[in-house]
Amino acid sequence: MDNHELRAIAARALALVDLTNLKDDCTPQQIDALCAKAVTPYGHTAAICIWPRFITRARSLLGPESPVRIATVVNFPSGALKLEDVLAETREAIADGADEIDLVIPYRAFVAGDEAAVTAMVEAVRAACHAPVRLKTILETGEIKDTGLIRRASELAIAAGADFIKTSTGKVAVNATLEAADIMLQAIRDSRKKVGFKPAGGISSVADAGLYLSLADTIMGEDWVMPSTFRFGASGLLDDVLAVLSGGRSTADNTGY
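Okay, so let's go over this structure. Note that the structure is a prediction, hence the values are computed from the model and not measured. (Residues numbered from 1 in each chain as written. Predicted model: local features only at pLDDT ≥ 70, side-chain atom pairs only at ≥ 80, totals over all residues. Heavy atoms only, no water.)

1. What to know about the overall build of the protein
Applicable threshold: Only DSSP runs of H or I covering at least 4 residues are called helices, and only runs of E covering at least 2 are called strands; the numbering of each starts at the N terminus. The reference for a compact globule is 2.2 Å times residues^0.38; the radius of gyration itself is calculated from the C-alpha atoms. Partly exposed describes any residue whose relative accessible area lies between the buried limit of under 20% and the exposed limit of over 50%, with all areas from a 1.4 Å probe on protein chains only and scaled to the type maximum.
When you go through the protein residue by residue, the secondary structure sums to eleven helices and ten strands. A compact globule built from 257 residues would reach a C-alpha radius of gyration of about 18 Å, and the protein, at 17 Å, matches this within 12%. When its C-alpha atoms are laid out on the principal axes, the protein stretches across 50 × 40 × 30 Å. Within the protein, the proportion of its 257 residues that are buried is 52%.

2. Section: the sheet that holds strand β8 (residues 164–166)
We count it as follows: A pair of strands is labelled paired if DSSP reports no fewer than 2 bridges between them. Fitted lines through C-alpha atoms give the axes, limited to the stretch in contact for helices. The angle between two N-to-C directions lies from 0 to 180 degrees. Contacts between residues were defined by any pair of non-hydrogen atoms, one from each residue, lying within 4.5 Å.
If you trace the eight strands from one edge of the open sheet to the other, you get β9-β8-β7-β6-β5-β4-β1-β10, paired in parallel fashion. In the strand order of this sheet, the two ends are held by β9 (196–198) and β10 (232–234), each with one partner. Neighbour-to-neighbour, the strand axes of the sheet open up by a mean angle of 25 degrees, direction not taken into account. Of the strand pairs in this sheet, strand β6 (residues 100–104) and strand β7 (residues 134–138) are connected by five bridges, and their pairing is parallel. Opposite Leu103, over in β7, you have Thr137 as the bridge partner. Against the sheet, helix α2 (residues 28–37) makes contact with β1 (17–21) and β4 (47–50), and its axis sits at roughly 165 degrees relative to β1, the strand it touches most.

3. A closer look at the pattern of salt bridges
Quick note on the threshold: The rule for a salt bridge is simple: a side-chain nitrogen of Lys or Arg has to be within 4 Å of a carboxyl oxygen of Asp or Glu.
Under the criterion given, the structure shown has 21 salt bridges. For Lys198, the salt bridge goes to Asp102, with nearest N and O atoms at 2.9 Å. A residue pair is termed long-range when its members are at least 10 positions apart, and Lys198 in strand β9 and Asp102 in strand β6 qualify at 96 residues. Like Lys198, the residue Asp102 is buried in the burial classification. Between Glu115 and Arg152 there is a salt bridge, with the nearest N and O atoms lying 3.0 Å from each other. Taken together, the positions of Glu115 in helix α6 (residues 115–128) and Arg152 in helix α8 (residues 147–159) put the pair 37 residues apart, joining distant regions of the chain. Given a relative accessible area of 31%, Glu115 falls into the partly exposed group.

4. Thoughts on unusual backbone geometry
For the peptide bond that leads from Phe76 to Pro77, omega is -5 degrees, which places it in the cis range. Note that Pro77 resides in the loop between β5 (69–74) and α4 (83–96). Between Ala131 and the following residue, Pro132, the backbone shows a cis peptide bond with an omega angle of 10 degrees. Its identity as a non-glycine residue notwithstanding, Glu140 has a phi of 60 degrees, on the positive side. With respect to the helices, strands and loops of the structure, Glu140 is situated in the loop between β7 and α7 (141–144). At Arg192, a residue that is not glycine, the phi angle is positive and equals roughly 60 degrees. Here Arg192 shows up in the loop between α9 (178–191) and β9.

5. Comments concerning the packing of aromatic side chains
Stated precisely, the cut-off is as follows: Working definition: a ring pair exists when centres of Phe, Tyr or Trp rings (six-membered ring for Trp) sit within 6.5 Å. Plane angles under 30 degrees give stacked, over 60 give edge-to-face, the rest tilted.
Under the defined criterion, the tally for this structure stands at three aromatic pairs. Between Phe197 and Phe230, the ring centres sit 5.9 Å apart and the planes meet at 70 degrees, which makes this aromatic pair edge-to-face. Highlighted residues: Phe197 in strand β9 and Phe230 in the loop between α10 (206–220) and β10, separated in sequence by 33 residues. Of the two residues, Phe197 and Phe230, neither departs from the other in class, the shared state being buried. Considering the side-chain rings of Phe230 and Phe232, the 4.9 Å spacing of their centres and the 75 degrees angle between planes classify their relative orientation as edge-to-face. The exposure class of Phe230 is buried, given its relative accessible area of 0%. Using a relative accessible area of 0% as the deciding quantity, one classes Phe232 as buried.

Take a look at the structure:
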């Protein structure tokens, strides 16, 4: 991939990044740095994605008019909380200033055959996310594994009102893969609904991002990808994007260009 191609992908990817810090030991100072990093000389990321306990701090730092959205996680990462607890998390996060809720579906119950658990949780959290709050549903595809089940989980989340379907928490052994992305994007296409897609976990280079963008372009059409329909959940991708845009070398590429 040449310099021009990499720069074009980097410029495109920047506005699609949900800049993430969901480390267990994340500190308030790291949230301060994340908020600052989300606004770059080349434009801003779509969002930051942080633990609920930091929403108030991030909102005060970004201010009410910031174009950078605040996303947070609920039922995370286990997907195993009771529905009433997930709803409490969601309502508190929105009250604190979250713009987007990334919900882990009860994927273990789903794999065990309980489709109704997925529908009930997504519908209930959807009802708590009053416009303009967006709901992203994390399927945890690396744990679901089976391609047919990934397709079915996508269909259930879409039917229950998800604004986005997202691959992964980033907390398990297998996170975003092109195979899962292909299945999920086809489910979105076939639903004929305005639903977005978010690959998350392990996407750290512009070249990797380009593979997902190319797949989305192929399945959904070249005018489909935008921040309202596509996000990258990533902690390291922005560093590579900025390295490429600044005219340096990709941090994932030792050959330079």
